[in-house]
Each structure stands twice: as C-alpha cells, then as structure tokens.
Amino acid sequence: MKNKAYFVLIFLCFATILFAQQTNVTINNPETWKTSEMSSNVGQTVRFTTPFFVCNNYYNFSKSSLTISPRRLFWPTNQVLPGSSDYSALKTANSKGSVTLTGISEYHRMGERLVDLVVEVTSANTWKLVSCTFVGNTRNDLLANVPNVNMKGEHSLLVCAMNLEYYIFESFDPTNNFGPANEAAHQKQRTKIKKALAKINADLYGFVEIQQGQGALAEIANDLSELTGRPYTYINDGGSVDGTYTKAGYVYCTDVLSPRGSLLNNNAGNSYYRKKMQVFEEKSSGEAFIFSLNHFKSKSDQQKKASGDNADQNDGQGVYNATRVKEAISVLSQYNSNKNTTFKDPDILIMGDLNAYAKEDPIRHLINNGMTDLHRYFHADSSYSYTYRGEAGYLDHALCNSTMLPQITGVQP
C-alpha cells in the first residue's frame, strides 16, 4: 500500500510541474510584434491568447511546417511605394514578424487562423506545435461560403474576372508544365472551375489564361448554362487554337447583356491576345460600359531574358516592370482613342491579372491618369487576392474611371 501511494504522489507532482511550465502570452500589438520578443521564452511551452494566421503553407503536404504570424503579412509594394524607405521598413518588419511552425500533420490553407495556440519555443522564430484550433478558410468550406458581393447597396449586374491558370481544352502538352497534361487532368480542372463559377453566378465573366480558339470559351459557357439554368455565350474573337497558348476572353449571360460594336485586341508590350476591350449593354436599362480585360506580362523570367529597363531593379517590382508600364499606357491610349468613336461611351471598367501590386508603377500610371483602384476604394488597404512567399496582396485588379465609379456598388476579391 505504501508503494502504491508513493507512486501516485510522484505522478501528481510531475503533472503539477508540467502545468507550471506553460506560460500564457498575449500580443498587445500584433502589427508591430517581432519574434525577438520570444527570446526569453526559448525552451518553454507557451499558450497564446492572440490568434495567428497561416501565411505560407509551402504549397505541398510534405514540409510538415507552416509560416504563421499574428498579423496579415502584405507584400511591401502592395502597401507602399517601391524602393522607398517605407518599402525597406515593411520588408524588414515582415521578416521579423513571422515564425516557422513545425509539427504540422495535415494540409492547411493560407489565411486560416490558429486559435488557442500552444507551442514549444525551440528558438525565437521556430516553434513546434503542441495544440491549437484551426478556424476558417478550410478546403471544404470555400465553395460553401462565397462572401456576399453586395458591399454597398444592391447590384443589377455582377462582373467577375478570373485567372484560370491555363485552362486548356485540347492540344495538351505534357512537357511544358503549363495546364493539364491530358484529357483526364482537363476534366478535373473543368469540374472544379465550373462549380466555382456557377457558385459566383456572375452575369459577365472575363477570363485570362484560357486557351486560344473558341472551344474553351464555348465549353465554359455551356457548363455555366447547364449548372445555372441561365443562357451563357461567349465573344468570338476569330482566333484559332495555337498549341497551349492562352488568351483573354469573355463569357456573358444573354438574358442580361448584349455586346455592342466590335471587340478590340491590344497586343502592345505582350502578344497572344492578352488585352481586350468590349462594350457591353445591360438590356434592362440600356446602360453600357467598356470592359477592359487584361493579362499583363508576368514577373517570372525562366529563360533569363529580362534586361535593361526590364531587369530587376531591386525595388520590389521584379522583372519586366517596364513592359507592364507600357501595357498600362497602351490600355489608356486605346481607351482614349476609341471612347468617343468606336465605343461611344466614356464608362470603363479595367479588370484582370495585371501582375503588379497596388503601389507599383503600372497601377500608379492608371491611377495618375484618372482611374480609381476599387480594392482600395471599398476596402482601404486590407484587400488581397493572392499570397506569394507568405505575403498577401492583389495582382488581380479592378479599376474604373470617374463616370463609372458612381455606378459601382462593391468589389469583393
């Protein structure tokens, strides 16, 4: 009996010691918090009363780690001017305000929150997960909880722009790592995209990275008609399939809209029909607007061809910034040359993947020449549609001119 009581006493004392080692931490100002504040907690088990965000999941299931922070980490040039002192300061703050969390056993999406986080602090900026609750933005609830787009008042017309990430309908090329490699992969891509588009249920879609020719646009229009019960069709630009090259293209609901006049292509600065303008008229009101759909030159340089003004200037804007500026100039030039003649309407909505963050030169050129950044107009500096290397921002833009602005009821990434 004495031995049994002795062992119970030892167990209770050991449990008490473990409990005493856990330290509760509250982060009073997440926006300025630095990992160095955890230096005194190295070797301890810590419970945070402040939620954290998943900033990076490394895009795979095998790393068993996440990057987390008590704040959203924004790409510096989405918030401040490239190359400025503010840019350097934000870049430094981001690097000092994020932590590598190890011991992850399942996939988690960027943007999920970690609530009641308990960790072992192995170093100031590397922690091992003990326990937590992951909240929001999970794989299973993305389609079930599409946010309300009525950010301000009611709309009569819903416009959606989307990068489809190489929607290839035929002529698959399994060697180039772009788009589906075969028909089975295409059908998997198709199933996911058509469900998302039907859930959004827009009246007008502008797609980039969709295969040239008309087959891919026709397929999406038919899928939308089947899933929504509404009549969709597409703008035929007269092009034919050219391998796996992609373009920009329009799909619209015929009981809400009708195209007016001819489609205009714009290949300045980049080829393959990636910038277009088309006037659409709302049937119920007779009101019309120019929908400028664009896919500017990307920031990647796999073939190492960027040189001169297009080389990386180390100001946060990456390669081919000069080309993207030329593309922004060409969009405005095309608009100004045609608004009173071909278009016969001043209202313009510019959308698409511009491959430039909010404070970078191409976007500032558009804003300095009369366009309003609708992300910022409706959401200040909190909006983002994309996360790269753990930092959020938006390359996917919506801008409009002064006559169009009073007609916009809201924008939702």
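Scroll up to find the structure this text is about.
Definitions and limits used
Residues numbered from 1 in each chain as written. Predicted model: local features only at pLDDT ≥ 70, side-chain atom pairs only at ≥ 80, totals over all residues. Heavy atoms only, no water. Helix = DSSP H or I, 4+ residues; strand = E, 2+ residues; numbered from the N terminus. Buried < 20%, exposed > 50% of the residue type's maximum accessible area, 1.4 Å probe, protein only. Pairing = 2+ DSSP bridges. Axes fitted to C-alpha atoms, helices over the stretch in contact; angles between N-to-C directions. Contact = heavy atoms within 4.5 Å.

1. Examining the environment of Ser88
Along the chain, Ser88 turns up in helix α3 (residues 85–96). A C-alpha to C-alpha distance of 8.1 Å links Ser88 and Pro76, two positions twelve residues apart in sequence.

2. Some points on unusual backbone geometry
One non-glycine residue, Glu165, lies in the positive phi region at around 55°. By secondary structure assignment, the location of Glu165 is in strand β8 (residues 159–167). Owing to a relative accessible area of 63%, Glu165 belongs among the exposed residues under this scheme. Positive phi outside glycine occurs at Asn314, with the angle close to 60°.

3. Some remarks on the sheet that holds β8
Taken in spatial order, the four strands make up an open sheet running β8-β9-β11-β10, and their pairing is mixed. At either margin of the open sheet sits one strand with a lone partner, and together these are β8 and β10 (232–234). Averaged over all pairs of adjacent strands, the angle between their axes in this sheet comes to 25°, without regard to strand direction. Sheet analysis places strand β9 (residues 204–211) next to strand β11 (residues 246–253), joined by seven bridges and oriented antiparallel. Bridge pairing links Leu204 to Tyr252 in β11. Packing against the sheet, helix α4 (residues 183–200) makes contact with β8 and β9, and its axis sits at approximately 175° to β8. With respect to the sheet, helix α5 (residues 215–228) is in contact with β8, β9, β10 and β11, its orientation differing from that of β10 by roughly 170°.

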